[in-house]
Amino acid sequence: MLAGSGAHAVATRSTLLERYASGDVRALSRAITVAESGGPAAQALLQGVRALSAGRPRVIGLTGSPGSGKSTLTSALISRLRAAGQTVGVLAVDPSSPFSGGAILGDRIRMLAHHADTGVYVRSLATRGALGGLSGRSMAVLSVLEGFGFGTLLIETVGVGQSELEIASVADHTVLVLTPAGGDGVQAFKAGIMEVADVLVVNKADLPGAERLARELRAAQMLAPHDEHTFFPPIVQTVASRDEGLEALLEAVQAHRDHLGEAGLQRRRLERARSELRSLMWQQVAARSGQASTDLLAEVASGRLSTDEAARLLLRS
């Protein structure tokens, strides 16, 4: 390392943080790039970002199966929130290209209508093979967006199935988007995806079967254990392509926020921190397993060393 390069790096991070805190959008973009890259520079930046008192925006996660209209719904929500005078940040998690590993920017393309609006910021992330509908660095990038002072943050996941539930540990409010006549009702009933939804949206409600799907969802809610204090996720019908049902959707999100209260929101924030910590620990454990020597693997394969003992040796190293 060249003499003085460490001090230069600290000064550079400080300058970036100052520009970011002043509302410089280019500094926001750069900060997201640093956060997504990981490493010591990212951790130092995140500490600074999280220490800023820019206020906590609403964080709304939108998830659902491919083709349910999540991107169209997200774009329509942006328009509605902007009409209400709110600034909006969007984190759109796209599938990775099998060739370059980068994001296939389908979500960004659908949101081009907002590209000239300075009150809207859209960032696409590649999953890079991560499961759960989110990128492995989603939570770090979300922290950077939170500190910038947006009124509402929207997170759109890639199309997910019934077991990919990571969005629930990240968003304040999880919106599950379903469509009629697509088998979504049956999938939602399976353990997992419906249980983490805070709002249920039947999108493309102008198609046949929308009312039936809504009735099936209500019936399924009543089958789950509940009492007089149980919060039943509101069921909203929307036609995102025609901007229909958006006000009802935002009211349903607010109803859930009122139900949580400040204490409930704080618990969700703590769970997000736990989820981020768990994710980073898994990454470190996976990296350690990749460092296992051929001799150690041979000891395990031959039965001379148990996998438990080998794991403890790796974790201690």
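Conventions used here
- Residues numbered from 1 in each chain as written.
- Predicted model: local features only at pLDDT ≥ 70, side-chain atom pairs only at ≥ 80, totals over all residues.
- Heavy atoms only, no water.
- Buried < 20%, exposed > 50% of the residue type's maximum accessible area, 1.4 Å probe, protein only.
- Helix = DSSP H or I, 4+ residues; strand = E, 2+ residues; numbered from the N terminus.
- Pairing = 2+ DSSP bridges.
- Contact = heavy atoms within 4.5 Å.
- Expected span 1.5 Å × (residues − 1).
- Arc of directions from axis to C-beta.
- Salt bridge = Lys/Arg side-chain N within 4 Å of Asp/Glu carboxyl O.
- Right-handed = clockwise from strand over helix to strand, strands pointing away.
- Phe/Tyr/Trp six-rings, centres within 6.5 Å; stacked < 30°, edge-to-face > 60°.

**Here we look at the pairing of strand E1 (residues 58-64)**
- The buried fraction of E1 is high, at seven of seven residues.
- Here E1 shows a buried face lined by Arg 58, Ile 60, Leu 62 and Gly 64 and a second buried face lined by Val 59, Gly 61 and Thr 63.
- Relative to strand E4 (residues 152-156), E1 runs parallel, the two sharing five bridges. When the sheet's bridge partners are listed, Gly 61 is paired in E4 with Ile 155.
- Bridge analysis of E1 against strand E5 (residues 173-178) gives five bridges, and the strand direction is parallel. Among the inter-strand pairings, Gly 64 is bridged to a residue of E5, identified as Val 177.

**Regarding the environment of Glu 276**
- Turning to its location among the elements, Glu 276 is positioned in helix H9 (residues 246-289).
- Here Glu 276 falls in the buried class, since its relative accessible area comes to 15%.
- Residues Glu 276 and Ser 138, 138 residues apart in the sequence, show an inter-C-alpha distance of 9.2 Å.
- When near neighbours in sequence (up to four residues on either side) are disregarded, Glu 276 contacts Arg 50, Met 139 and Ala 140.

**Some points on helix H8 (residues 210-223)**
- If you check H8, its first and last C-alpha atoms are 20 Å apart, about what 14 residues at 1.5 Å a residue would give, namely 20 Å.
- For H8, every residue scored as buried is listed here: Ala 210, Leu 213, Ala 214, Leu 217, Ala 220 and Gln 221. Down the axis of H8, the buried set is contained in an arc of 125 degrees. They therefore lie on one face. Facing away from the buried side of H8 by over 90 degrees, the exposed positions are Arg 212, Arg 215 and Leu 223.

**Brief notes about the pattern of salt bridges**
- Taken as a whole and judged by the stated rule, the model has 17 salt bridges.
- The network of salt bridges with shared partners includes Arg 56, Glu 146, Asp 172, Arg 257, Arg 269 and Arg 272.

**Side note on unusual backbone geometry**
- Even without being a glycine, Lys 204 presents a positive backbone phi close to 55 degrees.
- Checked against the element boundaries, Lys 204 lands in the loop between strand E6 (199-202) and H8.
- By relative accessible area, which is 30% here, Lys 204 ends up partly exposed.
- One non-glycine residue, Asp 243, lies in positive phi territory at about 60 degrees.

**Some words on the pairing of E6**
- Here E6 shows a buried face lined by Val 199 and Val 201 and a second buried face lined by Leu 200 and Val 202.
- In this sheet, E6 lies alongside E5 in parallel orientation, the contact comprising four bridges. The residue bridging Leu 176 from the neighbouring strand is Leu 200, located in E6.
- Bridge analysis of E6 against strand E7 (residues 235-237) gives three bridges, and the strand direction is parallel. The partner of Leu 200 across the bridge, within E7, is Ile 235.
- With respect to chirality, the unit in which E6 leads through H8 into the neighbouring parallel E7 is right-handed.

**With respect to the packing of aromatic side chains**
- With the rule as written, the count across this model stands at three aromatic pairs.
- Plain terms: the ring middles of Tyr 121 and Phe 150 are 6.5 Å apart, the flat faces sit at 35 degrees to each other, and that makes the pair tilted. Linking Tyr 121 in strand E3 (residues 120-126) with Phe 150 in the loop between helix H6 (138-146) and E4, this pair joins segments that are 29 residues apart in sequence.
- Exposure remark for Tyr 121: the relative accessible area of 10% places this residue in the buried category.
- Residue Phe 150 is classed as buried on the basis of its relative accessible area, which comes to 9%.
- Three or more aromatic residues joined by ring pairs form one cluster here, namely Tyr 20, Tyr 121, Phe 148 and Phe 150.

**Remarks on the environment of Leu 73**
- Secondary-structure assignment places Leu 73 in helix H4 (residues 70-83).
- Since its relative accessible area comes to 0%, Leu 73 is described here as buried.
- In sequence terms Leu 73 and Glu 156 are 83 residues apart; their C-alpha atoms lie 9.8 Å from each other.
- Filtering out sequence-adjacent residues up to four positions away, Leu 73 remains in contact with Leu 62, Val 177, Val 201, Thr 238, Ala 240, Leu 246 and Leu 249.

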